Amino acid sequence: MEATIAVLIVALLIIGMIALYAYRTKNVHIVVVTAFFLSGSSGLVLESLWTRMLRHVFGSTTLAISTVLTAFMGGLALGSWLFGRYADKIKRPLLVYAVAEGIVGVYALIVPFIVQDLYPFVNAWMWAHYETSYAWLSIFRFVFSALVLILPSTLMGATLPLLARHFISKPDGMKKIGLNVGILYTLNTMGAIAGTFIAGFVLLPEVGQRSTNYVAAFIDIALCIAILLLRKPLQAEREDKGT
């Protein structure tokens, strides 16, 4: 528990210092790009963690793990497609991004109770009724994995279209669309790599599953709060530039 609190305090201090620096220097866009890096990290921490949790319930066979990953990646693709399709109609993409991060963080606090307290009964029911049908077991495994993962993974997939839309709305956004989106995607990918490393080699071995989940969840919630607090300065900066 002490290690969990220490990791969480350090993460929140980093986010707080970045937000304070951005506010004092009026360079508030640094919060947005930093948030995207950190959301990539927390997203992969949660993916690694939830895959491990579901593995304990549904088994560690190749098909079981592939089913969980397919459900997660399907949600990412759905979020990217859905919000990419309607991003131009969203007037406040930064606000929607902050809300998405907040929902992911809050939902992450609920996942352990669903997977560890409810799903063992679901798994027992599956085996009691479909033990002799491997096909039906696989179908139900996918359905129940998708049910728990579809909301957070869809919102995670929505983050890139939303932030891309935010930067494109700047005065020179269309001129630098390739550069801006490329930078965002690079930062998010680097964050994902860092999150995978931190989850597998630091958090899970040192503090365990539930504490790792709390750390990632509260980082997402902190990012949501930081973006909401700095949304007005961001809007004012855009208005000063004629947007």
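Our subject is the structure that appears above.
The following paragraphs examine the structure supplied in this document. (Residues numbered from 1 in each chain as written. Predicted model: local features only at pLDDT ≥ 70, side-chain atom pairs only at ≥ 80, totals over all residues. Heavy atoms only, no water.)

1. Observations concerning helix 5 (residues 134-168)
No. 1: The first and last C-alpha atoms of helix 5 sit 49 Å apart over 35 residues, in line with the 51 Å expected at 1.5 Å per residue.
No. 2: For helix 5, a buried count of 25 out of 35 residues is recorded, marking the element as mostly surrounded by other parts of the structure. (Helix = DSSP H or I, 4+ residues; strand = E, 2+ residues; numbered from the N terminus. Expected span 1.5 Å × (residues − 1). Buried < 20%, exposed > 50% of the residue type's maximum accessible area, 1.4 Å probe, protein only.)

2. Describing the nonpolar core
No. 1: Membership of the largest hydrophobic core comes to 34 residues, with the highest contact counts inside it found for W50, L54, Y119, V148 and L149.
No. 2: Looking at this core, the elements with two or more residues in it are helix 2 (29-58), helix 3 (62-86), helix 4 (93-130), helix 5, helix 6 (177-207) and helix 7 (209-240).
No. 3: Here the element with the most residues in this core is helix 4; it accounts for nine residues.
No. 4: When residues no more than four places from it in sequence are discounted, the contact partners of V148 are L54, Y107, V111, I114, V115 and Y119.
No. 5: Formed by 21 residues, the second largest nonpolar core is a distinct cluster that contains V32, F36, F83 and I90. (Core = buried A, V, L, I, M, F, W, Y, C linked by side-chain atoms within 4.5 Å. Contact = heavy atoms within 4.5 Å.)

3. Details of a nonpolar patch on the surface
No. 1: A contiguous nonpolar surface patch, about 660 Å² in accessible area, is contributed by L78, W81, L82, Y86, V99, I103, I150 and L151.
No. 2: When contributions to the nonpolar patch are tallied by element, the ones reaching two or more residues are helix 3, helix 4 and helix 5.
No. 3: Tallying contributions element by element places helix 3 first for the nonpolar patch, with four residues.
No. 4: Turning to its location among the elements, Y86 is positioned in helix 3.
No. 5: The exposure class assigned to Y86 is partly exposed, which follows from its relative accessible area of 38%. (Patch = residues over 30% accessible without salt bridge, like charges linked within 9 Å, V, L, I, M, F, W, Y side chains within 5 Å. Areas by Shrake-Rupley, 256 points an atom, 1.4 Å probe, with all protein chains shown as cover. Salt bridge = Lys/Arg side-chain N within 4 Å of Asp/Glu carboxyl O.)

By themselves, these are just geometric observations and shouldn't be taken as functional.
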